[in-house]
Amino acid sequence: MKPSYQKAWFFVLPVLVLVAFNALIPMMTVVNYSVQETFGNNLFFWQGVDWFEKLLNSDRFHAALGRQFLFTGIILAIEIPLGVAIALAMPRKGVWVSVCLVLMALPMLIPWNVVGAMWNIFTLPDIGLLGYFLNHVLGVDYNMTQSPLAAWMTIVAMDVWHWTSLVVLLSYAGLVSIPDAYYQAAKIDGASNWAVFRYIQLPKMKRVLTIAILLRFMDSFNIYTEIFVLTGGGPGNSTTLLSIDLVKIALGQFDLGPAAAMSLIYFAITLLVSWLFYTLMMRNET
Amino acid sequence: MAKITLSKLRHSYYPNPKGPEDFALRDIDLDWRDGGAYALLGPSGCGKSTLLNIISGLLMPTEGRILFDDKDVTAHSPVERNIAQVFQFPVIYDTMTVYDNLAFPLRNRQMDEVMVKSRVHEIAEMLEVDDMLSKRAAGLSPDNKQKISMGRGLVRKDVNVVMFDEPLTVIDPHLKWKLRSKLKELHQKVRATMIYVTHDQTEALTFADQVVVMQDGDIVQIGTPVELFERPTHTFVGHFIGSPGMNLLPCEIRGGGAYFNDARIALEGPLISGGRGKNQVGIRPEFVSFGKKGLEARVKKVADVGRHYVVEAIIGDTSINAIVEQDAPEQGEKVHLNFAQSHTRVYRDGWIATQLPEAGR
């Protein structure tokens, strides 16, 4: 008979407790809030799925969701190809490898609120380096606090600056793991550079790219700090993405019920898209 | 197809090589006959893969030239040289089907689709993979993947040489034998020059007409499998080929004769005079027998390896292996060893120092 070690459960227990306290219990609290109305004083009134219904029919939510998808779509469309291109251009051996890797990792090491503050100062029309250059040297009318287009270009540029490195590092890791023999075989088979990319590098990078896209999707879909510091959601509501809107509802208006319902829907969308994407990408893997 | 000439090749992986120890290839002069089946045999790190990559054009030699049919191709790329190479680990294009994999080298050379089709089917049939042409290559077993890699090498009709770099490393033992005979068969069919790199003597001896044995960046002997076995010109070859390898006994040279433990050893022919260094008597275990008279030894170990017995006898602190078909002595028994004269030679500093009787006359 197979021996069973019931004691092993004790070793799993700390993790269970940890997960319970940092995920399950807060999540259940949110669920609790999402089906009730509260005015403080610990008074709760049963509300059912009312908040969910209202939210799903609200124009404000649709607009924020639309902006969120637009933002995530734009940064993915820029960061993924750009990251792969940079990774392809990086040296594979020699002293420059470490130099490149450190340079690439730098933006990721900067705290989010600092990134927001940096870009805020960087783009100030009269004293910021970029702002001054655009307005006074190139003569472009650029003011993030007045023009939604300028605000959007700035948040996109900031995210690309902050996070393309992640795609670069992951793609690079995928690239260097390709054995030399593949390149040599391709050379002997007379493959063009494009064919090498299409039939060797891209397929071999598929897994890391899947992870990169997933991470960038989740992170950008949940982005809050940088944009909050940089634009605060403005001008108007033009850069109010989901998370910024959520905080406005929860902390600005103190509507805890609707905010909780929104959190759950927000979470469900992130989960659903991630799951769909991962399943689709991995369906042909053995 | 072409005759391949390597002329005064030297290669170093260091930017400024100084002594001979910096060179992975020291001084290679070699002709590969058109249509021959060659094996490049040697231990890991002896430079055989380096030599292969230089022939294929993946590496540029530090010194020397490579000629295909007397035309200098040293500066040519692998594509220009029109060669094929199969690597240790199967290289297949994961996202393509088996058919597309085989067609890839042809399509890259803008061959007409009708021709591609007939060529791919021909090769697939030869390799017995025609039933999996529409399958995705990623899902194949390692031996089939390696077959596809070979197929990509053979699919072009006009390749100058097909090179195999230890292609059976990842193949299961029972399939190794099958794939090896398949290769031999393919060589007879396509008649392309083939170079097979391996550290496995069985693979080399079964595949090749000519075996090139390498050690430390030098070629030590080139010959047919029989020549390598019967008359190794270097102790390395004697030791590397054969199981167990050649026996080497320390000896003294006095008055034109070789003495081991003060017993004169009869040699195949006269000694080559001149040259100093360590002298050794070399004889293969297959040519050592037991008799009533001869060198007195004690049996240390007897191993039954199936077809025959390997007897390890000991004289002083020198052990000598003998292979006998039957009537193996017992462990601890006292025996008399006889050496077949025609296969007993002296090696000086590793190199053969006896002449064949005809040559000596």
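The shown structure was predicted, so the numbers you read here are calculated from the model rather than taken from an experiment.

Engineer: Give me the overall build of chain B: which residues, what numbers.
Structural biologist: Secondary structure assignment for chain B yields 10 helices and 22 strands. C-alpha atoms of chain B, sized along the principal axes, occupy 75 × 45 × 35 Å.

Engineer: Tell me about the overall build of chain A, and please be specific about residues and values.
Structural biologist: Check the secondary structure of chain A and you find 12 helices and 2 strands. Along chain A, helices (α) and strands (β) appear in the sequence α-β-β-α-α-α-α-α-α-α-α-α-α-α when read from the amino end. The C-alpha atoms of chain A give 24 Å as radius of gyration, which overshoots the globular expectation for 286 residues (19 Å, by more than 25%). In terms of overall dimensions, chain A has C-alpha extents of about 80 × 75 × 30 Å along its principal axes.

Engineer: Describe the interface of chain A and chain B, listing the residues and the values that go with them.
Structural biologist: Facing 15 residues of chain A, the contacting portion of chain B comprises 21 residues. When contributions to the side of chain A that touches chain B are tallied by element, the ones reaching two or more residues are α8 (180-188) and α9 (193-221) of chain A. A per-class count over the side of chain A that touches chain B returns 10 nonpolar, 3 polar and 2 charged.

Engineer: Give a detailed account of the sheet that holds strand β22 (residues 351-352) of chain B, specifying residues and quantitative values.
Structural biologist: Residue and element names in this part refer to chain B. Taking strand neighbours across the sheet as the criterion, the 4 strands line up as β11-β15-β21-β22 in an open arrangement whose pairing is antiparallel. Since the sheet does not close on itself, it has two edges, and those belong to β11 (247-250) and β22, each with one partner. Sheet analysis places strand β21 (residues 345-348) next to β22, joined by 2 bridges and oriented antiparallel. For Tyr 347, the partnering residue across the bridge sits in β22 and is Ile 352.

Engineer: How would you summarise unusual backbone geometry if you had to cite specific residues and measurements?
Structural biologist: Residue and element names in this part refer to chain B. Ser 243 connects to Pro 244 through a cis peptide bond whose omega is -5°. Among the secondary structure elements, Pro 244 is positioned in the loop between α9 (235-240) and β11. Phi at Asp 216 is positive, roughly 45°, even though this residue is not glycine. Tracing the backbone shows Asp 216 in the loop between β9 (210-215) and β10 (218-223). Judged by C-beta crowding, with 17 C-beta atoms within 10 Å, Asp 216 ranks as partly exposed.

Engineer: Now, about the domain arrangement of chain B: what can you tell me, with residues and values included?
Structural biologist: Think of interface size as the accessible area that goes away when the parts come together; that is how it is often given. We note that the domain assignment places domain 1 (4-230) and domain 2 (243-360) within chain B. Using C-alpha coordinates to define each centre, domain 1 of chain B is positioned 38 Å away from domain 2 of chain B.

Engineer: Would you mind going over the sheet that holds strand β8 (residues 193-198) of chain B in detail, with residue names and values included?
Structural biologist: Residues and elements named next belong to chain B. The strand order across the open sheet built from 6 strands is β6-β7-β8-β3-β9-β10, with neighbouring strands paired in mixed fashion. Every other strand in the sheet has two partners, leaving β6 (84-86) and β10 as the edge strands with one partner each. Direction aside, neighbouring strands of the sheet carry axes that sit 20° apart on average. Relative to β9, strand β3 (residues 37-41) is paired through 4 bridges, and the arrangement is parallel. Bridge pairing in β9 links Leu 40 to Val 212.

Engineer: Can you lay out the pairing of strand β4 (residues 63-68) of chain B for me, pointing to particular residues and giving the numbers?
Structural biologist: Residues and elements named next belong to chain B. Inspection of the sheet shows strand β1 (residues 4-12) paired to β4 by 5 bridges, in the antiparallel sense. Its bridge partner being in β4, Ile 4 is matched across the sheet by Phe 68. Looking at chain direction, β4 and strand β5 (residues 71-72) are connected through 2 bridges and run antiparallel. Bridging across to β5, Leu 67 finds its partner in Asp 72. Counting the residues in the hairpin turn of β4 and β5 gives 2 residues, including Asp 69, whose phi is positive at 50°.

Engineer: Account for the nonpolar core, naming residues and giving values.
Structural biologist: Core analysis: the largest hydrophobic core is formed by 77 residues, its most contacted members being Tyr38(B), Ala39(B), Leu40(B), Ile195(B) and Tyr196(B). With 6 residues, helix α3 (residues 98-108) of chain B is the single largest residue contributor to this core. Of all hydrophobic cores here, the second largest spans 29 residues; its members include Leu55(A), Ile75(A), Met158(A) and Ala259(A).

Engineer: Describe the pairing of β10(B), listing the residues and the values that go with them.
Structural biologist: Note: β9(B) against β10(B), 5 bridges, orientation antiparallel. Along β10(B), the bridge assignment pairs Val212(B) with Ile222(B).

Engineer: Quick rundown of the confidence of the model for chain B? Include the residues and the values.
Structural biologist: With 99% of its residues at a pLDDT of at least 70, chain B reaches an overall mean of 85. For this predicted complex, the interface confidence score (ipTM) comes to 0.73, while the overall pTM stands at 0.74.

Engineer: Describe helix α11 (residues 242-252) of chain A, and please don't skip the residues or the numbers.
Structural biologist: Residue and element names in this part refer to chain A. Along α11, the residues that are buried comprise Leu 242, Ser 243, Ile 244, Asp 245, Leu 246 and Ile 249. The secondary structure elements touched by the buried residues of α11 are α3 (59-89), α10 (225-230) and α12 (256-282). Just past α11, the residue Phe 254 takes up positive phi, approximately 55°.

Engineer: Please provide a residue-by-residue account of the packing of helix α4 (residues 113-127) of chain B against helix α5 (residues 142-154) of chain B, values included.
Structural biologist: Residue and element names in this part refer to chain B. Put simply, α4 and α5 touch, their axes get as near as 10 Å, and they point 135° apart. Comparing the axis directions of α4 and α5 gives the class oblique. Judged by the twist between their axes, the crossing of α4 over α5 is right-handed. For the pair α4 and α5, the contacting residues are Ile 123, Ala 124 and Leu 127 in the first and Lys 147, Met 150, Gly 151 and Leu 154 in the second. Residue composition of the contact of α4 with α5, grouped by class: 5 nonpolar, 1 polar and 1 charged.

Engineer: Before we move on, can you summarise the environment of Asn338(B) with the specific residues and values?
Structural biologist: Residue and element names in this part refer to chain B. Looking at where Asn 338 falls in the secondary structure, it is placed in strand β20 (residues 334-339). Take Asn 338: there are 17 C-beta atoms within 10 Å of it, and that puts it in the partly exposed class. Asn 338 sits 214 residues away from Ala 124 along the chain, and the two C-alpha atoms are 54 Å apart.

Parameters at a glance
Residues numbered from 1 in each chain as written. Chains lettered and ligands numbered in written order. Predicted model: local features only at pLDDT ≥ 70, side-chain atom pairs only at ≥ 80, totals over all residues. Helix = DSSP H or I, 4+ residues; strand = E, 2+ residues; numbered from the N terminus. Rg over C-alpha atoms; globule rule 2.2 N^0.38 Å. Contact = placed C-beta atoms within 7 Å. Nonpolar A, V, L, I, M, F, W, Y, C, P; charged D, E, K, R; others polar. Pairing = 2+ DSSP bridges. Buried ≥ 20, exposed ≤ 12 C-beta atoms within 10 Å, placed from the backbone. Domains from an automatic or database assignment. Axes fitted to C-alpha atoms, helices over the stretch in contact; angles between N-to-C directions. Core = buried A, V, L, I, M, F, W, Y, C linked by C-beta atoms within 7 Å. pLDDT = per-residue confidence, 0-100. Parallel < 35°, antiparallel > 145°, perpendicular 65-115°, else oblique. Left-handed = near helix turned anticlockwise from the far one by under 90°.

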